[in-house]
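Report on the structure
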Amino acid sequence: GQAKMGQVTNWTAKLAGMLESRLDNVVFRLGLAPSILGARQLCTHGHVLVNGKKARTASMTLNVGDKVTLTAKGFGSQNFLQVKEAPRLELPDYL
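Residues numbered from 1 in each chain as written. Predicted model: local features only at pLDDT ≥ 70, side-chain atom pairs only at ≥ 80, totals over all residues. Heavy atoms only, no water.

**Side note on the pattern of salt bridges**
How we decide: Basic side-chain nitrogens of Lys or Arg form a salt bridge, by our definition, when they fall within 4 Å of a carboxyl oxygen of Asp or Glu. Here the term buried applies to any residue with accessible area under 20% of the maximum for its type, exposed to any over 50%, and partly exposed to those in between, with areas from a 1.4 Å probe on protein chains only. A run of H or I in DSSP becomes a helix once it reaches four residues, and a run of E becomes a strand once it reaches two; helices and strands are each numbered from the N terminus.
Following the criterion strictly, the structure yields three salt bridges and no others. Put simply, Glu 20 and Arg 29 hold a salt bridge, and the shortest N to O gap is 3.3 Å. For Arg 29, a relative accessible area of 25% gives the class partly exposed. Between Arg 40 and Asp 24 there is a salt bridge, with the nearest N and O atoms lying 3.0 Å from each other. Highlighted residues: Arg 40 in helix H3 (residues 36–44) and Asp 24 in helix H2 (residues 23–29), separated in sequence by 16 residues.

Here it is as structure tokens:
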């Protein structure tokens, strides 16, 4: 099976990549929410747009090139206003 030389995938790197590409994580990493929970709330309340369409599923996996932004109401939300005043993280290179 997969134990043959060269066929073993680094499952931890693959798992980390999958988690990093979730919508809630990307919204948080982009500095649009103060926490991942805040990002999930923005998603479930319909304040996040992916490629111009509302995305309510915080666990959706994004692809390279997807454009993530907030609705006008999302930019006025407490979650966004809180992080705008006191950013928590620097923007990662991959975003």
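**Describing the environment of Leu 19**
Inspection of the secondary structure puts Leu 19 in helix H1 (residues 11–20). Since its relative accessible area comes to 47%, Leu 19 is described here as partly exposed. The spatial distance from the C-alpha of Leu 19 to the C-alpha of Met 60 is 10.0 Å, given a sequence separation of 41 residues.

**Let's talk about the environment of Glu 20**
To keep things clear, this is the line we draw: Two residues qualify as a contact provided that any one of their heavy atoms is within 4.5 Å of a heavy atom in the partner residue.
Of note, Glu 20 is situated in helix H1. The contact partners of Glu 20, leaving out residues within four places of it in the chain, are Asn 25, Val 26, Arg 29 and Tyr 94.

**Regarding unusual backbone geometry**
A positive phi angle, close to 55°, is found at Asn 51, a residue other than glycine. Along the chain, Asn 51 turns up in the loop between strand S1 (48–50) and strand S2 (53–54).

**Focus on the environment of Ala 55**
Mapping Ala 55 onto the fold places it in the loop between S2 and strand S3 (68–70). A relative accessible area of 5% places Ala 55 in the buried class. Distance from Ala 55 to Leu 42, taken between C-alpha atoms, is 9.6 Å for residues 13 residues apart in sequence. Excluding residues that lie within four positions of it along the chain, Ala 55 makes contacts with Leu 23, Cys 43, Val 48, Val 50 and Met 60.

**Brief notes about the nonpolar core**
For the record, the criterion: As used here, the term nonpolar core means buried Ala, Val, Leu, Ile, Met, Phe, Trp, Tyr and Cys residues forming a set that is joined through side-chain atoms within 4.5 Å.
Residues Leu 23, Val 27, Val 48 and Val 68 are the most contacted members of the largest nonpolar core, which totals 18 residues. Listing elements by their share of this core, those giving two or more residues are H2, H3, S1, S3 and helix H5 (78–85). Here the element with the most residues in this core is H2; it accounts for four residues. Apart from the residues within four sequence positions on either side, Leu 23 is in contact with Cys 43, Val 48, Val 50, Ala 55, Thr 57, Ala 58, Met 60, Leu 62 and Val 68.

**As for the side chain of Ser 21**
Short version of the rule: In protein, a polar contact requires one atom able to donate a hydrogen and another able to accept it; more generally it is a pair of N or O atoms within 3.5 Å, and residues adjacent in sequence count only if both atoms are side-chain atoms.
The residue Ser 21 is located in the loop between H1 and H2 in this model. Among the polar contacts made by the side chain of Ser 21, one reaches the main-chain carbonyl oxygen of Met 18 at a distance of 3.1 Å. The contacts of Ser 21, once residues within four sequence positions are left out, are Val 26, Met 60, Thr 61 and Leu 62.

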